[in-house]
Amino acid sequence: MDGHRITAFRECEAALRNRDLKQALYDAGKVVMDEVLLTLHGEEHNARRTVEVRVFRRNFFNYYEKEVFPRTLAETIAPFVEAGGGDLLKLGYRLTVNLTSDFAGIDRPARTAEESEHLIAITKKLSEGATMVHSTRDHAELNAEVLAVLADFRESYFLPSLGRRRALLEERRADRITDADLPRDVLMTLVAGNDELNLGEEQLLREIAFYMQAGAHSTANSVVHALWEILEWARDDAARWARLEDPIFVQRCVHESLRLHPASPEAWRTATCPMHVPGAGEVAQRERIELDLFLANRDRSIFGETADLFDPDRELPATVLRSGLAFGIGLHTCLGRELDGGWLPSLAPIPRRRNWASWR
Ligand code: HEM
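None of the values given here were measured: they were computed from a predicted structure.

A. Highlighting the site of the ligand. His45, Arg49, Arg269, His332 and Cys334 are the nearest of the 26 residues found near the ligand. Separating an oxygen atom of the ligand from a side-chain N or O atom of Arg49 is a distance of 2.6 Å. Elements supplying a minimum of two residues to the shell around the ligand: helix H3 (42-52) and helix H10 (201-234). With seven residues, the single largest contributor to the shell around the ligand is H10. When grouped by side-chain class, the residues that make up the shell around the ligand number 13 nonpolar, 10 polar and three charged.

Shown next as structure tokens:
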């Protein structure tokens with residue numbers, strides 16, 4: 001390692017919020033990540049993010065939870081139910097690739113298992129490209145594979161989806177349709193907001209390709225971790241199974257699992273100027289700082305002596321999320337956080353262990 005490494009929770013949190021530290025993890029993965037939201041900095045990042053968060057307007061979560069999600073879940077799970085079972089990782093990938101396509105703005109005209117498998121293969125290769133920094137493979141060879149897959153994605157899915165949205169925008173501008181007739185997704189939002197951003201077609205392609213891999217890969221793996229942790233925790237304890245009937249409690253379990261198994265176990269930043277960074281000391285301009293989010297999420301000074309264990313009843317400082325830094329924080333906070341982790345309930349805290357008997 002040729003930089004600094006920070007492992008304490010509060011120091012990682014402060015570094016993620018520091019506006020003078022710039023994204024650095026994806027420099028080797030430019031084939032997918034060049035000038036996408038996660039790698040932009042300063043004003044450019046702010047302008048892009050301001051447009052993209054518009055996708056969450058107009059009762060967005062209600063629409064996704066009540067309309068998009070049930071339909072996609074029913075369609076995706078049907079072949080597994082018919083077959084009498086299946087592999088959870090496979091189901092997780094199909095489900096998340098379909099949902100991420102819907103959110104990113106990639107139309108799935110066939111809506112079949114084969115189409116999902118094609119999109120999964122594309123998404124896995126895009127992920128390999130984005131995280132090239134960790135790859136032990138020959139980078140030039142991998143780069144060529146990613147470019148080929150990107151071309152397939154472009155022709156098979158991106159261009160038709162883009163064309164449909166551009167046509168819809170023209171219809172909207174001519175007042176032949178209303179806002180309610182427009183799809184609620186990132187690509188539509190970018191097409192509608194492109195007067196402000198001026199993104200070329202290649203930039204749009206990479207942005208949507210980035211969303212595909214950012215949304216699908218992390219979620220599919222998190223599904224498996226969460227189910228494993230929940231099953232291990234509940235085992236054959238009837239009282240614990242009864243608690244799992246409460247969706248708010250299940251959400252707590254998922255957040256606790258995300259804390260233990262962050263999909264991005266580390267974040268990298270470089271200093272845009274000389275500065276003092278708590279946990280790293282004096283840092284020169286262009287020096288790299290690695291933030292170990294895996295260890296930060298198990299910091300005993302925050303999560304207690306049992307930080308390495310799955311405990312959905314753990315007590316936390318009021319300023320710490322149950323998922324820790326799994327979704328990042330600050331400038332680049334995950335835009336899919338509520339989509340994946342749900343809104344945080346503003347309910348009274350769940351009673352502690354000793355009170356279980358009274359509300360079972
Ligand atoms: C378990 C699921 C997920 C996890 C653990 C996760 C984690 C993260 C993390 C740690 C970051 C910040 C990285 C950094 O600061 O360097 C991030 C950024 C981002 N995530 Fe997620 N993510 C998840 C799902 C999703 C989904 C479903 C979407 C959308 C479909 C999404 C979209 C984004 C975007 C757009 C950013 C960049 C935000 C920005 O740079 O302003 N993520 N995610």
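Here the narrative resumes, following the displayed structure.
B. Highlighting the nonpolar core. Among the nonpolar cores identified, the biggest contains 59 residues, and Phe153, Phe158 and Ile208 are the most heavily contacted of them. Those elements that place two or more of their residues in this core are helix H2 (30-33), helix H4 (60-83), helix H5 (88-104), helix H6 (113-130), helix H7 (139-173), helix H8 (186-192) and H10. Considering every element that reaches this core, the biggest residue donor is H7, with 10 residues. Of all hydrophobic cores here, the second largest spans 22 residues; its members include Ala271, Met275, Ala307 and Leu325.

C. Just a nonpolar patch on the surface, in detail. Together, Leu227, Leu231 and Trp241 make up a nonpolar patch on the protein surface, roughly 270 Å² of accessible area in all. Residue class for Trp241 comes out partly exposed when judged on its relative accessible area of 40%.

D. Spatial organisation of the packing of H4 against H5. The geometry of H4 relative to H5 is characterised by a closest axis approach of 10 Å and an angle of 140 degrees between their N-to-C directions. With respect to H5, the axis of H4 lies oblique. Judged by the sense of rotation from one axis to the other, the crossing of H4 with H5 is right-handed. Contacts between H4 and H5 pair Phe60, Tyr64, Val68, Phe69, Thr72, Leu73, Thr76, Ile77, Pro79 and Phe80 from the former with Lys90, Leu91, Arg94, Leu95, Asn98, Leu99, Asp102 and Phe103 from the latter.

E. Layout of H6. For H6, which comprises 18 residues, the first-to-last C-alpha distance of 25 Å matches the rise-based estimate of 26 Å (1.5 Å per residue) to within 8%. Where H6 is concerned, the buried positions are Glu115, Ser116, Leu119, Ile120, Ile122, Thr123, Lys125, Leu126, Ser127, Gly129 and Ala130. Along its buried surface, H6 packs onto H2, H5, H7 and H10.

F. Representation of the packing of H5 against H10 within the structure. Running from amino to carboxyl end, H5 crosses H10 at an angle of 145 degrees, the nearest separation of the two axes being 8 Å. In the packing of H5 onto H10, the handedness of the crossing is right-handed. Across from Leu88, Leu89, Gly92, Tyr93, Thr96, Val97, Thr100, Ser101, Phe103 and Ala104 in H5, the residues of H10 making contact are Ile208, Tyr211, Met212, Gly215, Ala216, His217, Thr219, Ala220, Asn221, Val223, Val224 and Leu227. Among the residues making up the contact of H5 with H10, the classes are represented as 14 nonpolar, eight polar and no charged.

G. Structural view of empty space enclosed by the protein. Enumeration according to the criterion identifies one cavity of 30 Å³ or more in this entry. Roughly 80 Å³ of volume is contained in the largest cavity. Around the largest cavity, the lining residues are His255, Leu321, Arg322, Ser323, Phe327, Arg337, Glu338, Gly341, Gly342 and Leu344. Of the residues belonging to the lining of the largest cavity, the class tally is three nonpolar, four polar and three charged.

Procedures and definitions
Residues numbered from 1 in each chain as written. Predicted model: local features only at pLDDT ≥ 70, side-chain atom pairs only at ≥ 80, totals over all residues. Heavy atoms only, no water. Near = heavy atom within 4 Å. Polar contact = N/O pair within 3.5 Å; in protein donor to acceptor, adjacent residues only side chain to side chain. Helix = DSSP H or I, 4+ residues; strand = E, 2+ residues; numbered from the N terminus. Nonpolar A, V, L, I, M, F, W, Y, C, P; charged D, E, K, R; others polar. Core = buried A, V, L, I, M, F, W, Y, C linked by side-chain atoms within 4.5 Å. Buried < 20%, exposed > 50% of the residue type's maximum accessible area, 1.4 Å probe, protein only. Patch = residues over 30% accessible without salt bridge, like charges linked within 9 Å, V, L, I, M, F, W, Y side chains within 5 Å. Areas by Shrake-Rupley, 256 points an atom, 1.4 Å probe, with all protein chains shown as cover. Salt bridge = Lys/Arg side-chain N within 4 Å of Asp/Glu carboxyl O. Axes fitted to C-alpha atoms, helices over the stretch in contact; angles between N-to-C directions. Parallel < 35°, antiparallel > 145°, perpendicular 65-115°, else oblique. Left-handed = near helix turned anticlockwise from the far one by under 90°. Contact = heavy atoms within 4.5 Å. Expected span 1.5 Å × (residues − 1). 1 Å grid on protein atoms, 1.4 Å probe; cavity = no way out; pocket = protein on both sides within 12 Å on 5 of 7 lines; lining within 4 Å. Points joined across faces, edges and corners; volume = space filled by probe spheres on them.

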